[in-house]
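# Inside the fold
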Amino acid sequence: MTTTTTERRAAVRETAPLLSVRDLTVTFQRHGEEPFRAVDGVSFDVRPGETVGLVGESGCGKSVTSLAIMRLLPKRGNKVTGTVNFEGTDLLSLSDAKMRDRRGRDIAMVFQDPLSSLNPVVPLGVQVAEVLERHRGMSRKAAMPVAAELLKRVGIPDPVRRLRDYPHQLSGGMRQRALIAIAVACAPRLLIADEPTTALDVTIQAQILALLKELVEDTGTALIMITHDLGVVAGLCDEVNVLYGGRIVERGDRHPLFRDPRHPYTNGLLASIPRLDAAGERLTPIPGSVADNLPWDHACAFAPRCSQPIEICTQVTPQLEVADGRALRCHNPVTSGWSGPSAGQTEGDVAR
Amino acid sequence: MSDSPKPTNPNPTNPIARYREARKERIDSLAQLSARDRVAVGAGAGGPGSDWTPSPDEVSVTESGTIEEKPGVSLWRSAWLRLRRNPVFLLGLTITIIFVLVAIFAPWIAPKDPVTGYLIDQVRRQTNPVPGPQPGFPLGGDHLGRDLLSRLIVGSRQTLIVGVLATFGGFIGGLILGTLAGALGGWVDSLVMRLVDVMLSIPSLVLALSIGAVASRPSQWTLIIAIAVVQVPIFARLLRGSLLAQRSSDHVLAAQALGIKRGPIIFRHMLPNAMGPVIVQATLALAVAIIDAAALSFIGLGDPDQRTPEWGAMLGQAQTYIYDHPHLAYYPAICIIVVALGFTLMGESLREALDPKTRR
Amino acid sequence: MSVTEESKATEATPDDDILLNVEGVKVHFPIKRGVIFDKTIGYVYAVDGVDLQIRRGETYGLVGESGCGKSTLGRAILNLEPPTDGHVIFDGVDIASLKGEDLRRKRQDLQMVFQDPLSSLDPRQSVESILVEGMKAHGIAKDAKEARPRLRELLAAVGLPPQALSKYPHEFSGGQRQRIGIARALSVNPKLIVADEPVSALDVSVQAQVINLLGDLQEEFGLTYIIIAHDLAVVRHISDRIGVMYLGSLVEEAAAADLYTTPLHPYTKALLSAVPIPDPDIEDEREQILLTGDLPSPSNPPSGCRFHTRCPWRQETRCDDERPALRVVEIDGFPSGHRVACHFAEQIHRGEIEPHKVEPIAVDPSSFEVPEDHGTMMAEPPGVNTASGGDPARGL
């Protein structure tokens, strides 16, 4: 399995990216407050059919990244720079009207809270049909059977009857399914799922993850999975980006990344999670909280919480170094079998 | 499926023994680790004498993270720190302070006696009912020849007294009823709330009007009482809602779980946290009270003594001359609007600053 | 194996030293409706008959999904939510029957740690007054000055520096706030702490700090814990014994390791198989039991076994109409502490009953209603009791 996966992954890496995010930076500028860089020079690629994970804790910028890609951040108080190249078009420079055309058709999004993402006063069927009307030019009459088919596709039982139901008449899991149905209605080439299972119970989470996996396999949709749960990532993502303090600190395919975490943050996260399959040894927590971060400008933000900081960590900003499909931003990586980024080149546009 | 044989499950042959071993190890490691934590805490407290230093010690944090040395900032204080930079609040505050100062020092600021008809000689009922501006009388006089500017300045006193006392009365009444309902609940709550509902169902000005009309002899006090009574149900309802939200909040449950007595829970935990919206409402109510007072005086339910200047009454008297001499109405009207606006701006920005959602 | 279990149990927690005995506790919330006079039109059966014993010094984990009644049970044990029926006997005193001042005094022995550390701390009180308050209420200290040395001890115990005393809750990070919440619980020298989702509101990297802290404090102060959580990995990590709840009742109870290695109840099996593990190799090869559909409404629980509507092992007989009791299984080598509420646990364990596909059942969702005050208890409004398509026992 490992060999086939590796080969498959190597092949995937050769294909041209569907979405190419370069140096994406989002700065919050609120009145009377210091500007805050929520996302700081994030670059990554998503290839067709690939599932890419953005992992990190609250405040690491993972959700802001997805909203910036979708152009869903409010214009006021936010400055977005960099490029988001989707099949040769820079989404960030599109007009609002052009972007609206793409949203839901080419790129769709599934949010964390399915209840607030659905319109509470519009029946489910209409909400699904509206997307089809908007992007495929269908009539309401023609769209309804397609909507029922979509609800059935995402595992909502008795779909024809459910078309007339309102969101509050569905359970959390069913609502998330409905939201996924809306997202995949126009067969988008890219699906962004922002913590799609965080509000759900674990057995329902398993259902939704299975559904997402199935959709990706059947339709070839690329998926960006945003989550804080390393367990979810381990089972779902081809490539994993670990974010900390608004920057990518480590990237790798899931097998090598989990087997051989190189960044002390990734390593620390894995060591600090109680595992269902391990007995109760004492956990090794990461000390402090994100409030203890240093600014990236002249240091590694993670240095104060790091288990193995060296002097340079508080003086020089580490760069994201890329090699063998892995990337790492660390002065003093966790030592292991990996050959290291010795032959790697620095991603120039990330340097600051 | 896999050619890299890796055990999917940890060896399940003897989980109990493994578990026991693990637990023992855990307990053994506790002593060392907790000792280390203690020292780290000591170091975090600024003890330079501590001998345990993480490597390199400048960059590491204690396990719980750093805590600034500065003394704590309470919620009210942090709200004030935000308000201080809010131009809307500052504008409202400036208006309010000027108004209050003017009201307090009115007799000394006013250039003339507001009661004496200095210009009565110029008043001609047919040709010149209202004397115009002239040296010494920048805004001119009223229909009795009294100095308009002085009357406006001294009139702020009545407005302030009526507004503040009425709002204060309403606030206290609402506080008592709202606390009874919100803190005790049960049938007390039902009783108080039905009473409040009845009061709220009558339009406020009509209610104030009827209270004012019932009084045998209208005076400033009937005005204050009438407006206060109108405010009571609004405050009561607001406070009750706010208290109910507090009653089911986690920190009140926590206090209950801690075994805190009922009195302290209500007065130390629930009330202070419920007061935010009520205080905001009070500033807004002040604006409404001023306008209501003006309205009631305008109708003639205020102080019957025509000599004491009052903005609403002045407005009422101005209606006779509204076509030829509209300035007689403009000046008191502008005063009322500006002062009401001052309180409203202050209240709205206070609401924003106290709202936990906008915090941080 | 049973010998090992026995010795383990005696070593850590003697079986006979029962600190807390929960007997037949029920918490039913009336659903009221009416224009002028409220009429009770039904009940939400949040906790529907739970028996459990907590031994002195042990950590008991309660797991289950939202709506299973685990939090309500925790509050019922503390009499924060008076039980509708049943007894909660703590050290020989029935807490469920206590009222007024007696109850208030007894609260010193039973403390609670809350899920959301920010909302459970009074935002207008400094840490000092938060911590002193309980001590004053129980006569441990008369005023803040007298309490000073103890306050420093408490803060040190939870890993906070003394300058935290003058600060306010909003000035701390999530993990630090939870430490304050724990210090508050400790301030009155409790014997039992009920922790309701103590880490689920915290960041992943901070969770481990609090989990370790809870363990340390248990050793230091000889505490007994009831840990309520939806995260099985967390519960398995800190608990000695675990009870699994489903729709208001316990479906399985066992030592933590036993429950993980040999879950007997179909629901426990499904729950365990649904937890993602941060290891791609394990994830790739895991057999998942995907449950169909959602939790039925606690206001209209299914007859018989509460789980029969979603159970892949459901049988024609007994499951639909006979409610299984929590019992010791009759399988050789199983410890007596392993109890399960399933009619066919033995047959399922021996592989005599094969899992099958669960047919979707549609239930009219509009027939349920949630009482306002208990919205938190049921995160999801009672919805469809229908099942998803797909194979229930499909491996991924």
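Residues numbered from 1 in each chain as written. Chains lettered and ligands numbered in written order. Predicted model: local features only at pLDDT ≥ 70, side-chain atom pairs only at ≥ 80, totals over all residues. Heavy atoms only, no water.

### Topic: the interface of chain C and chain A
Counting residues at the interface gives 52 residues for chain C and 55 residues for chain A. Interface area for chain C against chain A, summed over the two sides, is near 4,700 Å², with a carbon-plus-sulfur share of 58%. For the pair chain C and chain A, the interface holds four salt bridges. Notably, a salt bridge pairs Asp284 of chain C with Arg254 of chain A, separated by 2.9 Å at the nearest N-O pair. Between the two partners, chain C and chain A, sit 15 residue pairs in polar contact (both at pLDDT 80 or more). Listing elements by their share of the side of chain C that touches chain A, those giving two or more residues are α7 (204-221), α8 (232-238), α10 (266-274) and α11 (280-285) of chain C. When residues in the side of chain C that touches chain A are grouped by element, the largest group, eight residues, is from α7 of chain C. Across the side of chain C that touches chain A, the residue classes tally to 27 nonpolar, 13 polar and 12 charged. (Contact = heavy atoms within 4.5 Å. Buried area = accessible area lost by both parts, 1.4 Å probe. Salt bridge = Lys/Arg side-chain N within 4 Å of Asp/Glu carboxyl O. Polar contact = N/O pair within 3.5 Å; in protein donor to acceptor, adjacent residues only side chain to side chain. Helix = DSSP H or I, 4+ residues; strand = E, 2+ residues; numbered from the N terminus. Nonpolar A, V, L, I, M, F, W, Y, C, P; charged D, E, K, R; others polar.)

### Digging into the pairing of strand β10 (residues 249-255) of chain C
All names here are of chain C. Across the seven residues that make up β10, a large majority, seven, are buried. Relative to β10, strand β9 (residues 241-246) runs antiparallel, the two being bridged by six bridges. For Arg241, the partnering residue across the bridge sits in β10 and is Ala255. Between the antiparallel neighbours β9 and β10 lie two residues, among them Leu247 with a positive phi of about 45°. Note that β10 and strand β12 (residues 339-340) share two bridges and pair antiparallel. Bridge pairing links Glu253 to Arg339 in β12. (Buried < 20%, exposed > 50% of the residue type's maximum accessible area, 1.4 Å probe, protein only. Pairing = 2+ DSSP bridges.)

### Points about the sheet that holds strand β2 (residues 39-55) of chain C
Residues and elements named next belong to chain C. Strand order in the open sheet formed by four strands is β2-β1-β4-β5, and the pairing between neighbours is antiparallel. Two strands bound the open sheet, and with one partner strand each, they are β2 and β5 (93-94). Sheet topology places strand β1 (residues 18-33) next to β2; 13 bridges connect them, and they run antiparallel. What sits directly across from Pro30, in β2, is Tyr43. Taken strand by strand, helix α2 (residues 70-77) contacts β1, β2 and β4 (85-90), and its axis lies near 115° from that of β1. (Axes fitted to C-alpha atoms, helices over the stretch in contact; angles between N-to-C directions.)

### Some words on the pattern of salt bridges
For the structure shown, the criterion picks out 50 salt bridges over all chains. Across the salt bridge formed by Asp101 of chain A and Arg134 of chain A, the nearest N and O atoms sit 3.0 Å from each other. Here Asp101 of chain A, found in helix α3 (residues 96-102), pairs with Arg134 of chain A, found in helix α5 (residues 124-136); they are 33 residues apart in sequence, far enough to count as distant. Among the salt bridges present, the one from Asp91 of chain C reaches Arg56 of chain C, with a minimum N-O distance of 3.1 Å. One end of the pair, Asp91 of chain C, is in the loop between β4 and β5; the other, Arg56 of chain C, is in the loop between β2 and β3 (59-63), and 35 residues separate them in sequence. In this structure Arg56 of chain C comes out as partly exposed when scored by relative accessible area, which is 34%. Because the salt bridges share partners, they merge into one network encompassing Asp17, Arg56, Asp91, Lys106, Asp109 and Lys191 of chain C.

### A short note on the sheet that holds strand β11 (residues 327-328) of chain C
Within a sheet, adjacent strands bond to each other through the backbone by hydrogen bonds, running parallel or antiparallel. Residues and elements named next belong to chain C. Here eight strands make up an open sheet; going across it, the order is β6-β7-β8-β3-β9-β10-β12-β11 and the pairing mixed. Both edges of this open sheet fall to β6 (110-113) and β11, since each of them pairs with a single strand only. Sitting on the sheet, helix α6 (residues 174-186) touches β6 and β7 (192-196), and the angle it makes with β6 is about 175°.

### Considering α7 of chain C
Residue and element names in this part refer to chain C. Taking 1.5 Å as the rise per residue, α7 with 18 residues should run 26 Å; its terminal C-alpha atoms sit 26 Å apart, in good agreement. Along α7, 15 of the 18 residues are buried, which leaves the element largely enclosed by surrounding structure. Phi turns positive one or two residues past the end of α7, at Gly222, with a value near 60°. (Expected span 1.5 Å × (residues − 1).)

### Notes on the packing of helix α4 (residues 127-137) of chain C against α6 of chain C
Residues and elements named next belong to chain C. The contact between α4 and α6 brings their axes to 8 Å, and the two run at 25°. Relative to α6, the element α4 is oriented roughly parallel. In this structure, α4 meets α6 at a crossing whose hand is right-handed. Between α4 and α6, the contacting residues are Val127, Ile130 and Leu131 on the first element and Ile180, Ala183 and Arg184 on the second. A breakdown of the residues in the contact of α4 with α6 according to their chemical character gives five nonpolar, no polar and one charged. (Parallel < 35°, antiparallel > 145°, perpendicular 65-115°, else oblique. Left-handed = near helix turned anticlockwise from the far one by under 90°.)

### Structural notes on the environment of Ile77 of chain C
Residue and element names in this part refer to chain C. Residue position: Ile77 is located in helix α2. In this structure the C-alpha to C-alpha distance between Ile77 and Leu20, which are 57 residues apart in sequence, comes to 9.0 Å. Residue contacts for Ile77: discarding those within four places in its chain leaves Leu20, Val22, Val88, Ile95, Leu110 and Ile226.

### Remarks on the confidence of the model for chain B
Residues and elements named next belong to chain B. The predicted model of chain B averages 76 in pLDDT, with 81% of residues at 70 or higher. Taken element by element, the predicted model of chain B shows its lowest mean pLDDT in helix α1 (residues 15-44) (40) and its highest in helix α9 (residues 250-258) (91). This model gives residues 1-20 a pLDDT under 50, and the stretch forms 34 contacts once residues within four places in sequence are excluded. Predicted as a complex, the structure gets a pTM of 0.80 and an ipTM equal to 0.83. (pLDDT = per-residue confidence, 0-100.)

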